[in-house]
Number of protein chains: 2
Amino acid sequence: MSSQSPTAADLIANHGGRVTRTRVAVVDALDASDHPLTHDEVAANLSEADVPHDRVTLYRALDWLVDKGIAHRVAGSDRAWRYGIVREAPHQHAHFHCSRCGNVFCLEQVQPAFAIALPGGYQLDRAELILHGVCPSCLLTVHAEPTPPGPR
Amino acid sequence: MSSQSPTAADLIANHGGRVTRTRVAVVDALDASDHPLTHDEVAANLSEADVPHDRVTLYRALDWLVDKGIAHRVAGSDRAWRYGIVREAPHQHAHFHCSRCGNVFCLEQVQPAFAIALPGGYQLDRAELILHGVCPSCLLTVHAEPTPPGPR
DNA sequence: TTCATAATGCAACATTGTAGCGTTAACTGT
DNA sequence: ACAGTTAACGCTACAATGTTGCATTATGAA
Ligand SMILES: [Mn+2]
Ligand SMILES: [Mn+2]
Ligand SMILES: [Zn+2]
Ligand SMILES: [Zn+2]
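Participant: Explain the coordination of the manganese ion (ligand 1) to me, using residue names and the numbers behind them.
Facilitator: Residue and element names in this part refer to chain A. For the manganese ion (ligand 1), every protein donor is listed as H72 (NE2), H91 (NE2), H93 (NE2), H95 (NE2) and C106 (SG), and the spread of their distances is 2.1 to 2.4 Å. Of note, the donors binding the manganese ion (ligand 1) are all from one chain and are spaced H-x18-H-x1-H-x1-H-x10-C. For H91, a relative accessible area of 27% translates into the label partly exposed.

Quick look at the structure:
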C-alpha cells in the first residue's frame, strides 16, 4: 500500500515467512494506523476490509510480526497488547496512553535515554517509559462529548 | 504488625472502611512483603496464614485499598496487577521488573522527575518508568538454577 | 441490643490469550 | 505446470485474570 517502502508481501517474504492473506492484511492495517492497535481492533479492521480471518491465526500473525521485528508490542493499561509497525530501526521510545480514548501513541521524539541511577545489584536490560494523560484529539472534544470512541 | 506505624485495623478504619478479616490480612501481607504481590500471591499468603478468604472478596479488598491510597497497583508484563503498600506520601517512583523471577520491585530512589519534552497537544498526567532486567537475588543464582521460583 | 448497610461469598460471565491437532495452501524443486 | 514438504491455518478446548449480580452476613453506629 505504501509507495516506495517495501510492500507488505515483500516485508513478510524478506523475513522468511510465507505470504498469507492474514499476514498481509495485518501489516497493511498496522501500517495504515497512526497508533498501535489491539488484536481486537486489527480484527475489526480486517472484517471491515472483508478479509476472512481466524482469531487464533490473528494472534499468531501478530506474534510472528513482533518476533521478526516487523511490528512491536506495547502493553496497555487494560492488559491488552497493542501492536504497531516498526518505523525506526531499534524501536526505543516512550509511549503515551490516553486515559480518555484508551489509545496508545508512539512518541518517537521522546527517548528514555537518561542515565538511570539503579540502587545497585540490579542488571538493567531495557527502560520503558509510559506517559499517561489526554491525547490531542481527545483534548479537542473534552468539553463536548463525555466518552468518545474507545474503551476504558 | 508494624511497631509504631498504624496497625492494619487503624489504617482501614481511618479511611472509613469496615475492619474485616480479609482486609486486615491483606494489609499485613502487603506490608510484610518487600515487593508488590499479585492477587494470587496474596491469596497464597492468606492460605498459609489460615485466613479463610474468597477470590472475589480479595479482588475487592485490593481494589478498595488502592482506591483509598493505602496500596498501589503496578502493571506486570504478565498482565497481572501487583499490589504494594504505599510507604511514601505520593507513590511516585520507578519499578523494576525481573525477567527471571517475574517479581516487581519498587525503586523508591528512582523518580521519573525529568522534564519530558512532549510533542505538543498532549496533556501529561503522570509518568510511569519501568525498568526491565534481572534483580539482585536472581543475579546471585543465575549461574546455578535455570528457573527459580516465579512465573514467566 | 438492635438496626442499616457495607462487605462478603458464591455462581456465572467476560476478556485476553494459548495449546493441540488435523487440514490447507504457500513455496521449493523438478 | 506439477507434486511434495511443511509452514501456517482454522477449529475446539482450555487457562489466567478479572468482573457482575445477588442473596446473605456481620460491622459499626444508634
Ligand atoms: Mn511504539
Ligand atoms: Mn511501587
Ligand atoms: Zn485520547
Ligand atoms: Zn528476580
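Participant: Residues and numbers for unusual backbone geometry, please.
Facilitator: In the Ramachandran plot, A:R79 falls in the positive-phi region, its phi being about 45 degrees despite a non-glycine side chain. Residue placement: A:R79 occurs in the loop between β2 (71–75) and β3 (81–85). We note that B:D50 has phi near 55 degrees; this positive angle belongs to a residue other than glycine. Of note, B:D50 is situated in the loop between α3 (39–48) and α4 (55–67).

Participant: How would you sum up the sheet that holds β3(A)? Please name residues and give values.
Facilitator: Residues and elements named next belong to chain A. Judged by pairing direction, the sheet is antiparallel, and its 3 strands sit side by side in the order β1-β3-β2 without closing on themselves. Only two strands of the sheet have a single partner each, and these edge strands are β1 (37–38) and β2. Bridge count for β1 against β3 is 2 bridges, and the pairing is antiparallel. Within β3, the position partnered with T38 by the bridge is R82.

Participant: Go over the coordination of the zinc ion (ligand 3) with me, naming the residues and quoting the values.
Facilitator: Residues and elements named next belong to chain A. The zinc ion (ligand 3) binds to the protein through C98 (SG), C101 (SG), C135 (SG) and C138 (SG), with metal-donor distances spanning 2.3 Å. Viewed at the metal, the 4 donor atoms of the zinc ion (ligand 3) are separated by angles of 106 to 117 degrees, and the geometry they form is tetrahedral. Considered as a linear motif, the donors of the zinc ion (ligand 3) on their single chain read C-x2-C-x33-C-x2-C. A residue pair is termed long-range when its members are at least 10 positions apart, and C101 in the loop between β4 (94–98) and β5 (104–107) and C135 in the loop between β6 (123–134) and α5 (136–141) qualify at 34 residues.

Participant: Could you give an account of the relation of the copies chain B and chain A, naming the residues involved and the relevant values?
Facilitator: Two copies of the chain are present, and they differ by a rotation about an axis and a shift along that axis. The transformation that overlays chain B on chain A combines an axial shift of 0.0 Å with a rotation of 179 degrees, and the residual RMSD is 0.2 Å. Taken together, the turn and the small shift mark the pair as related by a two-fold rotation axis. By C-alpha distance to the rotation axis, the residue of chain B lying nearest is B:L129, at 2.4 Å.

Participant: Any chance you could break down the nonpolar core for me, citing the residues and the numbers?
Facilitator: In summary, soluble globular proteins display a tendency toward joint burial of nonpolar side chains. In this structure, A:F96, A:C98, A:C135, B:F96, B:C98 and B:C135 are the most contacted members of the largest nonpolar core, which totals 28 residues. Listing elements by their share of this core, those giving two or more residues are β4, β5 and β6 of chain A together with β4 (94–98), β5 (104–107) and β6 (123–134) of chain B. In contact with A:F96, other than residues within four places in its own chain, are A:N103, A:V104, A:F105, A:L107, A:L131, A:H132, A:G133, A:V134, A:C135, B:L118, B:Y122 and B:Q123. Membership of the second largest hydrophobic core comes to 20 residues, among which are B:I12, B:A43, B:L58 and B:I70.

Calculation criteria
Residues numbered from 1 in each chain as written. Chains lettered and ligands numbered in written order. Predicted model: local features only at pLDDT ≥ 70, side-chain atom pairs only at ≥ 80, totals over all residues. Heavy atoms only, no water. Donors = N, O, S within 2.8 Å, 3.2 Å for Na, K, Ca; no water. Buried < 20%, exposed > 50% of the residue type's maximum accessible area, 1.4 Å probe, protein only. Helix = DSSP H or I, 4+ residues; strand = E, 2+ residues; numbered from the N terminus. Pairing = 2+ DSSP bridges. Tetrahedral: all angles 85-135°; square planar, octahedral: opposite > 155°, others 65-115°. Least-squares fit on C-alpha atoms with pLDDT ≥ 70 in both. Core = buried A, V, L, I, M, F, W, Y, C linked by side-chain atoms within 4.5 Å. Contact = heavy atoms within 4.5 Å.

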